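Letter by letter, the chains look like this.
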Amino acid sequence: MNTQTATAQQADPQRKSHLPEGDRRRRPKASGRAGMPLARRLIQPAFILVAGLIMALVLIAAQGYEPFSTLGAGLDYALGNPASIARTLAWGLPLFVASIGVCLAYRSGMFNIGAEGQIYAGAMAAALAGAYIGPMLSGLHLLLCLLFAAVVGGLIAAGLGWLRAAWGVDEVLSTLLSNYIIMLFCAYLATSPLRDPARQSGTTKEVFDTAMFGEIMPRTQLTSALFVVIVLCAATWWLSERSVTGYRWRMTGESPDFAAASGISVKKARIASMATSGALCGIGGALLVTASQGRFWTEIGTGIGWDAVLIALISRARPVPAIIWVSVYCIMRSAARGIEQVSTVPSELSLVLISGIIIAAAARAGIFSQFTALKQRFAHVKGH
Amino acid sequence: MSSNDQAAPSPVLELQGITKTFGPVVANENVNFDLYPGEIHALVGENGAGKTTLMRILFGMYRPNAGSIRLGGREVELKKPMDAIEHGIGMVHQHFMLVPSFSVLENITLGAEPGAGGLFDRGRAEEAARGPMERLGLALDPSTVTGSLNVATQQKLEITKVLYRGAKIIILDEPTAVLTPQETEELFVLLKKLAADGSSIIFISHKLREVFAVADRITVLRNGRTVSTTPARDLDASAVVAAMTGRSDVNLGRITRNAPEDDVVLSVSGLSTAKFEHDAALDSINFEVRAGEVVGIAGVEGNGQSALAETLIGTAAPLAGKIELAGTDLTRLAVSARRDLGLSYVPEDRHREGIPINGSVLEGLAAGTLRRHRGWNGLANAFPRALQAWGTDMISKYAIRTSGRNAKCHTLSGGNQQKIVMARELEEQPKCIVLAQPTRGVDLGAIEFLYDRIAEATARSCAVVLISADLDEILRLSDRVLVMYRGRMVAEETATETSREELGMHMTGAKALGTAA
Ligand SMILES: Nc1ncnc2c1ncn2[C@@H]1O[C@H](COP(=O)(O)OP(=O)(O)OP(=O)(O)O)[C@@H](O)[C@H]1O
Ligand SMILES: [Mg+2]
C-alpha cells in the first residue's frame, strides 16, 4: 500500500487541495510556481550547486589533493579564457537542442524518452545527406542536412505521438522501445550497406566539406552551429512559452480536459508537439555529424538523448531552466576533465557529481512523485 | 434545535482578531468567531469573503498573520493539520481529499493507521472504523474502492474519517454543493444527530435555504471581516443577504426575461450514447430549444445529464441521433467547429474542464479568443497587449476577485473560478449555450449577476440549455423544464406552473410519462 505518498499529500494540503481528484492521478505535471519571486526561485538550484561543489571538494580531498586549488584548476580549464569557454560550449551544442526538444513534448504531457533514438536517426539522415548529396553551396548543404534530420526525427516522433493519440499506445513505452529499434537499425546501416569501405569500424562515408560547419574560433571546435543553436533555442522558447500554439500544447499537458472542452484538439497538439520535439532531437543528431564528427558511427550519440530527458525533467520542461542546466552540465564535464589533467582524480568524478546533482534536483522537481504518477497511469491503462 | 438552547456556558472554540493576507490580498481581517458545544454554526459570505481561509487557519493549514485561537479556553498554536486533528478538529474540504484508488478503510484510517512498526493492522483498523461508520449509517464493505462510490457516499466517508480521528469540532466547507436535495436532507439529519451527541459543527454554504434549515447561529463575513453573528431564529433570508452583500435589492426570485422567439436554434433528435463511467447512457433523447429560450434540465445526478452536456459540446460521441444548431448538423463535428458555429459550454467540473487549474486567470479567460487563430497565426504572440487589457476588463466586468490577470487559477475562491468560466463563455456571444451546474459554489449576489448576464444573452436570441441539480435555479431561470430519469426525458413542465415538489416526483421516476418528451 502506498501510504507514504498519500500521507505526504495530507501534510501539504495548500498545494494539493486545489487539484481535483481526477487531475491528481491523471498526469505527471510540471506544477507551476511562476508566481514566486525570482530570488526565491533561485535559492534551491543554487543550494544544489553549492552542495555539488562541496561534494566535489570532499572527493578531491579524499584522493589526497588540495581540494580548492585542484577544483580551481578544473574550473579554470572549463572557463579560464575565451578559448576554454568555447571548447566547453562546443561539446554541449547538440545537447542544448535535444533538451529543449524533449521539454517541448513534455510541456504537452508527452514523455518523449525516445530522444536518443531520434538523435541517432537525425545523425544518420544528416550523414547520408552530407555524403551522398553534393558537394554544393555550403549554407545550402547544411540546411539540407539539418532539414533531412529534422524530417526524419520529426516523423518518427510524430508516429509515436499518433500511436498515443489515436490508439492510446502509451508513449513512455513506445518511445523507450523505439530507441533500441532505431539504434540497432542505424548500426546495421553503418556496418553493412552504407559502411565506409575505407574504414574498419562501422561508420558511414565522410560528409563533403560543404556539409560541415566552420570553426568560428580556431582549435576550439566551436563552429558556427552555435548560431543555429541560439536561433533554435530562442524560437523554441517563443513557441512553447509565448505563442498561441504553445498555449494549446501547455493546456493539453496541464489540463487535458480543459483543453478538450475549450476546443483545443488534444490529439493534434500531442502529435504536433511530438513531431517538433523529434525534429529538434533530429537536428541535435545532425549537429553531432555536421559540427563535429563528420560522419555517422555506431556510438555517435554517447547517451546525450538520455541526458536531454533528465535535463527536461529537472528543469520541469521550462526552456530557460533547461538551457541553464545544460550549461551547468557542460561546465561540470569540462571541469572534471581539467581536474583529471592536474591530478589523478578520474574524470568519472563528473559522473559522480552529475548523479548527485541529478538526484538532488530530481527530489526538488518532484520527479519521484512524477514516476509514482506514471505508475498509477499504467495501473489505470490496465484497468481499461 | 440543539443543546444550544440550554445555554451552554463556555465556548469550545474562540477565534479572536484573525488576520491573514496573501501578498496584497487581505483574505481575513480581524475576524472573530466562536463555537459552543452542540452548536451548528453557519458561516456565510460572498465568494472570496474569506470563509475557506478562516477554516484553513483553524485547521492548521495556514498560519494567521495576527490573532489567536482558543480551544476550551486555552490558547493554542496550530502549525499543521496534525496539530488541529490532535485538538479534535476535523475538516471536510470544499473539494474532497480522498485517494480514489484506496479502499474505504484505507481512506478512513489514512494518516492515523493503527498497527505497530509501520505495519497496517487490518483487523484493528476495521474495528476502529466500525464505530464512526455505524454512527453515520454507512453500510459499506470497507474494501470497496473509493473512486467507485458516488459523491454523497464519498462525502459521508469524509465525515467518517473526521469522526474516526475523534473530532469534536467538525468543519464542513460547502458540503452540499455536490449533493442532490434528498442527499442534502439526509446530511442534515446526520449533522443534527452529531450536534445532539455533543459535537460542534461549522457549516459553510451559499444556499440560505440550507443555512436556515440547520444553523443555530449565523456568522456573516464580508470582504474578510465579520459583519455579524446572530441566532438564526432572529434572522430572515433578506437580512442575511443584505449583511453579505451590503445591498438590500438582491433579487432572490424569478428572473424577468423576454419571451422566447419562434425559430428553433438547437434541435436534438434520437440521441443515444453508450454508458458513461459515472453517468447513465442517453436513450433516444429528443428536444428543441428556441431562440431566447431557457430550457432547464432537472434530474437526480447520474441520470444522463453529464452525458447530455458532453455529447452536445462534442467531448463525447453519440451512438445514434442528430444534433442541429440553426439548421447545421453538428453530430460529426469536433468541439472547436461546434464552438465556431456558435455553441458555448460551461462544464460542470470546473477544476477539470472549466479552467486550467495551474494556469493563469488570463489563460482561462482567453481560451475562446485563442481558439480562433488559424494557420501561421498559431506562431503569433498568444497574449498581446490588447488581449491582456481585455482580460483586465473582464476581471472588472464580471467582478472576479483576484490579485490580477496573471494570478494562478487555483488561488481564486471557488465562486470566482466559476466567474472566469462564465465570462469566457458568455463573451463568445453564442447562439446557444449549454450550462452545466453554472452557479455551483457561487454566492447569491454573483448568482443574480450571472443570471442577469444569461438574461442578456437570451435577449440577444441565445438559446440556453440549463442543466442543474439546483431546482431553485431551474425554476428561477427556465421557460420550460425537462426532467431526465435513467437517460430518458420523462417529463416536461412549464416553469411558472410547476413546483419543486412536482419536479422532485418526476426526478425519482415516480410519475414517468412513458413518452420520450
Ligand atoms: N493560496 C492563496 N493564494 C493567494 N490568494 C488566496 C489564496 N487562498 C485564497 N486567496 C484569496 O483570499 C480570498 C479569500 O478566499 P477564500 O477561498 O477564503 O474565499 P471563500 O469565502 O471560501 O470563497 P468561496 O465561497 O468562493 O469558496 C480570495 O480573494 C482569494 O483569491
Ligand atoms: Mg471557499
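Computed from a predicted model, the values in this text were never measured in an experiment. (Residues numbered from 1 in each chain as written. Chains lettered and ligands numbered in written order. Predicted model: local features only at pLDDT ≥ 70, side-chain atom pairs only at ≥ 80, totals over all residues. Heavy atoms only, no water.)

Residues and elements named next belong to chain A. In terms of nonpolar packing, the biggest core is built from 75 residues, with L287 and F296 touching the most fellow members. Tallying contributions element by element places helix α6 (residues 82-107) first for this core, with twelve residues. Beyond its immediate stretch of four places on either side in the chain, F296 contacts Y120, A123, M124, A127, C186, A190, G202, T203 and T204. (Core = buried A, V, L, I, M, F, W, Y, C linked by side-chain atoms within 4.5 Å. Buried < 20%, exposed > 50% of the residue type's maximum accessible area, 1.4 Å probe, protein only. Helix = DSSP H or I, 4+ residues; strand = E, 2+ residues; numbered from the N terminus. Contact = heavy atoms within 4.5 Å.)

All names here are of chain B. Neighbouring residues of ligand 1: 21 residues in total, closest N47, G48, T52, T53 and H206. In this structure, G48 approaches ligand 1 through a main-chain N or O atom, which is 2.8 Å from an oxygen atom. Considering ligand 1 on its own, with 640 Å² of exposed area, one finds that the protein chains cover 89% of that surface. Ranked by residues supplied to the shell around ligand 1, first place goes to helix α1 (residues 51-58) with three residues. Here the residues of the shell around ligand 1 are counted per class, giving six nonpolar, eleven polar and four charged. Looking at which domains feed residues into the shell around ligand 1, each of domain 1 (13-245) and domain 2 (264-507) gives three or more. (Near = heavy atom within 4 Å. Polar contact = N/O pair within 3.5 Å; in protein donor to acceptor, adjacent residues only side chain to side chain. Areas by Shrake-Rupley, 256 points an atom, 1.4 Å probe, with all protein chains shown as cover. Nonpolar A, V, L, I, M, F, W, Y, C, P; charged D, E, K, R; others polar. Domains from an automatic or database assignment.)

All names here are of chain B. With respect to the helices and strands, K322 occurs in strand β14 (residues 320-325). Residue classification places K322 among the partly exposed positions, given a relative accessible area of 36%. Distance in space between the C-alpha atoms of K322 and S269 is 5.3 Å, their sequence separation being 53 residues. When sequence neighbours within four positions are dropped, the list of residues in contact with K322 reads S267, V268, S269, L271, D329 and T331.

On to the packing of helix α5 (residues 67-79) of chain A against α6 of chain A, then. Residues and elements named next belong to chain A. Across the interface, α5 lies against α6 with an axial gap of 5 Å and an inter-helix angle of 80 degrees. On the basis of their axis angle, the class for α5 and α6 is roughly perpendicular. Along the contact surface, α5 presents D76, Y77, A78 and L79, while α6 presents S84, I85 and T88. Tallied by class, residues from the contact of α5 with α6 come to four nonpolar, two polar and one charged. (Axes fitted to C-alpha atoms, helices over the stretch in contact; angles between N-to-C directions. Parallel < 35°, antiparallel > 145°, perpendicular 65-115°, else oblique.)

Below, the discussion takes up the sheet that holds strand β16 (residues 343-346) of chain B. All names here are of chain B. Spatially, the six strands line up as an open sheet ordered β16-β17-β18-β13-β19-β20, and their pairing is mixed. Only two strands of the sheet have a single partner each, and these edge strands are β16 and β20 (488-494). Across the sheet, the mean angle separating the axes of adjacent strands is 20 degrees when strand polarity is ignored. Note: strand β17 (residues 432-436) against strand β18 (residues 463-467), five bridges, orientation parallel. Across the sheet, residue A436 finds its bridge partner in β18, namely I467. Sitting on the sheet, helix α9 (residues 305-313) touches β13 (294-298), β16, β17, β18, β19 (480-485) and β20, and the angle it makes with β16 is about 145 degrees. Of the strands in this sheet, β16 and β17 touch helix α15 (residues 414-426), which is tilted by about 175 degrees from β16. (Pairing = 2+ DSSP bridges.)

Turning our attention to helix α6 (residues 181-196) of chain B. Every α-helix carries 3.6 residues per turn, so stepping three or four residues along brings you back to the same face. All names here are of chain B. Over its 16 residues, α6 runs 23 Å from end to end, which matches the ideal 22 Å to within 8%, given 1.5 Å per residue. The set of residues buried in α6 consists of E183, T184, L187, F188, L190, L191, L194 and A195. For α6, the angular spread of the buried residues around the axis is 165 degrees, confining them to a single face. With respect to the buried face of α6, the exposed residues turned more than 90 degrees away are E185, V189 and A196. Check the buried side of α6 and you find it contacts β3 (40-45), α4 (122-135), α5 (151-164), β7 (169-173), β8 (200-204) and α7 (208-214). One or two steps after α6, the chain reaches G198, where phi turns positive at roughly 110 degrees. (Expected span 1.5 Å × (residues − 1). Arc of directions from axis to C-beta.)

Right, let's get into the pairing of strand β4 (residues 66-71) of chain B. All names here are of chain B. Alignment of strand β1 (residues 13-22) against β4, held across five bridges, turns out to be antiparallel. Across the sheet, residue Q16 finds its bridge partner in β4, namely S68. Here β4 hands over to strand β5 (residues 74-76) after two residues, with G72 in that stretch at a positive phi of 55 degrees.

A few words on the pattern of salt bridges. Residue and element names in this part refer to chain B. Using the criterion set out here, one finds 33 salt bridges over all chains in the structure. As a salt-bridge pair, D34 and R217 come within 3.0 Å of each other at their nearest N and O atoms. Here D34 is found in strand β2 (residues 25-35), whereas its partner R217 is found in strand β9 (residues 217-222), with 183 residues between them in sequence. Residue D34 is classed as partly exposed on the basis of its relative accessible area of 21%. For R217, a relative accessible area of 12% corresponds to the buried category. (Salt bridge = Lys/Arg side-chain N within 4 Å of Asp/Glu carboxyl O.)

All names here are of chain A. Taken together, the side chains of L177, Y180, I181, L184 and W306 make up a nonpolar region of the molecular surface, amounting to roughly 550 Å² of accessible area. Considering each element in turn, the nonpolar patch owes the most residues, four residues, to helix α9 (residues 171-191). Inspection of the secondary structure puts L177 in helix α9. (Patch = residues over 30% accessible without salt bridge, like charges linked within 9 Å, V, L, I, M, F, W, Y side chains within 5 Å.)

Okay, the sheet that holds β4 of chain B next. All names here are of chain B. In spatial order, the strands read β2-β1-β4-β5; together these four strands make up an open sheet with antiparallel pairing. Unpaired on one side and paired on the other, β2 and β5 mark the two borders of the sheet. Here the strands of the sheet are splayed against their neighbours by 30 degrees on average, with no regard to which way each runs. Where β1 meets β2, seven bridges bridge the pair, whose relative direction is antiparallel. Directly across from L15, in β2, lies its bridge partner F33. Against the sheet, α1 contacts β1, β2 and β4, and its axis sits at roughly 115 degrees relative to β1.

What follows covers the packing of α6 of chain A against helix α14 (residues 304-314) of chain A. Residue and element names in this part refer to chain A. Between α6 and α14, the least distance of the axes is 8 Å, while the angle of their chain directions is 50 degrees. By the angle between their directions, the pair α6 and α14 is classed as oblique. Between α6 and α14 lies a crossing of right-handed hand. Side by side, α6 and α14 meet where W91, P94, L95, A98, S99, V102, C103 and Y106 of the first sit next to I304, D307, A308, V309, I311, A312 and L313 of the second. Each residue belonging to the contact of α6 with α14 can be placed in one class, and the counts come to 13 nonpolar, one polar and one charged. (Left-handed = near helix turned anticlockwise from the far one by under 90°.)

Residue and element names in this part refer to chain B. On the secondary structure map, E39 appears in the loop between β2 and β3. Separated by 314 residues in sequence, E39 and E353 have C-alpha atoms that sit 38 Å apart. In this structure the side chain of E39 is engaged in a polar contact, spanning 2.9 Å, whose partner is the backbone nitrogen of Y36.

Here, the word disulfide means a covalent bond between the sulfur atoms of two cysteines. Summed over all chains, the structure comprises zero disulfides over all chains. A disulfide-free cysteine, C103 of chain A has its sulfur positioned 9.9 Å from the sulfur of C233 of chain A, the nearest such atom. (Disulfide = S-S within 2.5 Å.)

It is worth spelling out α4 of chain B at this point. All names here are of chain B. Here α4 spans 20 Å end to end across 14 residues, near enough to the 20 Å set by a 1.5 Å rise per residue. Largest kink in α4: about 30 degrees, centred on A129, with the proline P132 one to four residues after it. Contacts from the buried residues of α4 go to α3 (104-109) and α5. Positive backbone phi, at 65 degrees, marks G137, one or two positions downstream of α4. (Bend = angle between axes of the 7 residues up to and from the residue.)

The subject of this paragraph is the packing of aromatic side chains. All names here are of chain A. What the rule picks out here adds up to ten aromatic pairs over all chains. The interplanar angle of 35 degrees and the centroid separation of 6.0 Å between the aromatic rings of W91 and Y329 together place this pair among those described as tilted. In this pair, W91 sits in helix α6 while Y329 sits in helix α15 (residues 319-342), placing the two residues 238 residues apart along the sequence. Judged by relative accessible area, which is 11%, Y329 ranks as buried. (Phe/Tyr/Trp six-rings, centres within 6.5 Å; stacked < 30°, edge-to-face > 60°.)

What follows covers the confidence of the model for chain B. Residues and elements named next belong to chain B. Averaged over chain B, the pLDDT score is 88; the fraction of residues at 70 or greater is 94%. Across residues 1-5 the pLDDT falls below 50, and counting only partners more than four positions away or on other chains, this stretch makes twelve contacts in the model. Scored as a whole, the predicted complex attains pTM 0.82, and scored at its interfaces, ipTM 0.81. (pLDDT = per-residue confidence, 0-100.)

Residue and element names in this part refer to chain B. Positive phi outside glycine occurs at N223, with the angle close to 50 degrees. Mapped onto the secondary structure, N223 falls in the loop between β9 and β10 (225-231). The phi dihedral of S284 falls on the positive side, at around 35 degrees, and the residue is not glycine. Assignment of secondary structure puts S284 in the loop between β11 (264-272) and β12 (285-290). Residue S284 is classed as partly exposed on the basis of its relative accessible area, which comes to 27%.

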